[in-house]
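The residues making up each chain are set out below.
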Amino acid sequence: MFGIHWLRGRILIEKQTSELTALAEVVSTTRRGARDVGTRHPGNAPDSFKIFNGLGKEMGQYTLT
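So, the side chain of Ser-48
Link 1 in the chain: Structurally, Ser-48 can be placed in strand 3 (residues 48–52).
Link 2 in the chain: Within the structure, Ser-48 has its side chain in polar contact with the side chain of Asp-47 (distance 3.4 Å).
Link 3 in the chain: Leave out the neighbours within four places in its chain, and Ser-48 touches His-5, Trp-6, Leu-7, Gly-9, Gln-61, Tyr-62, Thr-63 and Leu-64.

Examining the pairing of strand 2 (residues 11–18)
Link 1 in the chain: Inspection of the sheet shows strand 1 (residues 2–8) paired to strand 2 by 7 bridges, in the antiparallel sense. Bridge assignment links Gly-3 to a residue of strand 2, and that residue is Thr-17.
Link 2 in the chain: Counting the residues between successive antiparallel strands, the hairpin from strand 1 to strand 2 contains 2 residues, one of them, Gly-9, with a positive phi of roughly 65°.

A few points about the sheet that holds strand 1
Link 1 in the chain: Judged by pairing direction, the sheet is antiparallel, and its 4 strands sit side by side in the order 2-1-3-4 without closing on themselves. Taken across any chain shown, the strands that pair with only one partner, and hence form the sheet edges, are strand 2 and strand 4 (58–63). Pairwise comparison of adjacent strand axes, ignoring direction, gives a mean angle of 20° for this sheet.
Link 2 in the chain: One ladder, built from 5 bridges, connects strand 3 with strand 4; its direction is antiparallel. Across the sheet, the residue bridging to Ile-51 is Gly-60, located in strand 4.

So, the environment of Thr-30
Link 1 in the chain: Within the secondary structure layout, Thr-30 lies in helix 1 (residues 23–32).
Link 2 in the chain: C-alpha separation for the pair Thr-30 and Lys-15, spaced 15 residues apart in sequence, amounts to 12 Å.
Link 3 in the chain: Contacts of Thr-30, omitting those with residues within four sequence positions, involve Ile-4, Trp-6 and Phe-49.

Some words on the packing of aromatic side chains
Link 1 in the chain: Considering all chains together, one arrives at 2 aromatic pairs under this definition.
Link 2 in the chain: Ring centres 5.5 Å apart and planes at 50° place the aromatic pair Trp-6 and Phe-49 in the tilted group. Highlighted residues: Trp-6 in strand 1 and Phe-49 in strand 3, separated in sequence by 43 residues.
Link 3 in the chain: On the accessibility criterion, Phe-49 (0% relative accessible area) is buried.
Link 4 in the chain: Plain terms: the ring middles of Phe-49 and Tyr-62 are 5.3 Å apart, the flat faces sit at 25° to each other, and that makes the pair stacked. One end of the pair, Phe-49, is in strand 3; the other, Tyr-62, is in strand 4, and 13 residues separate them in sequence.
Link 5 in the chain: According to the relative accessible area criterion, Tyr-62 is buried, its value standing at 19%.
Link 6 in the chain: Ring-pair connections join several aromatic residues into one group, and the members of that group are Trp-6, Phe-49 and Tyr-62.

Cut-off values and rules
Residues numbered from 1 in each chain as written. Predicted model: local features only at pLDDT ≥ 70, side-chain atom pairs only at ≥ 80, totals over all residues. Heavy atoms only, no water. Helix = DSSP H or I, 4+ residues; strand = E, 2+ residues; numbered from the N terminus. Polar contact = N/O pair within 3.5 Å; in protein donor to acceptor, adjacent residues only side chain to side chain. Contact = heavy atoms within 4.5 Å. Pairing = 2+ DSSP bridges. Axes fitted to C-alpha atoms, helices over the stretch in contact; angles between N-to-C directions. Phe/Tyr/Trp six-rings, centres within 6.5 Å; stacked < 30°, edge-to-face > 60°. Buried < 20%, exposed > 50% of the residue type's maximum accessible area, 1.4 Å probe, protein only.

Below, the structure written as structure tokens:
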């Protein structure tokens, strides 16, 4: 399980969880979901996201392009 924190700059916009077990899959799936998060937060769409493992350790921060 992974936690996903959607960010705009350094500001947290939304938190999600993923039941996927491979980090690469989570990154790919999360990138595809960026548009949906932006739709839920008009005018404040995310520009990056962080992924955390089940123990709360940050696994990486990824920029949306």
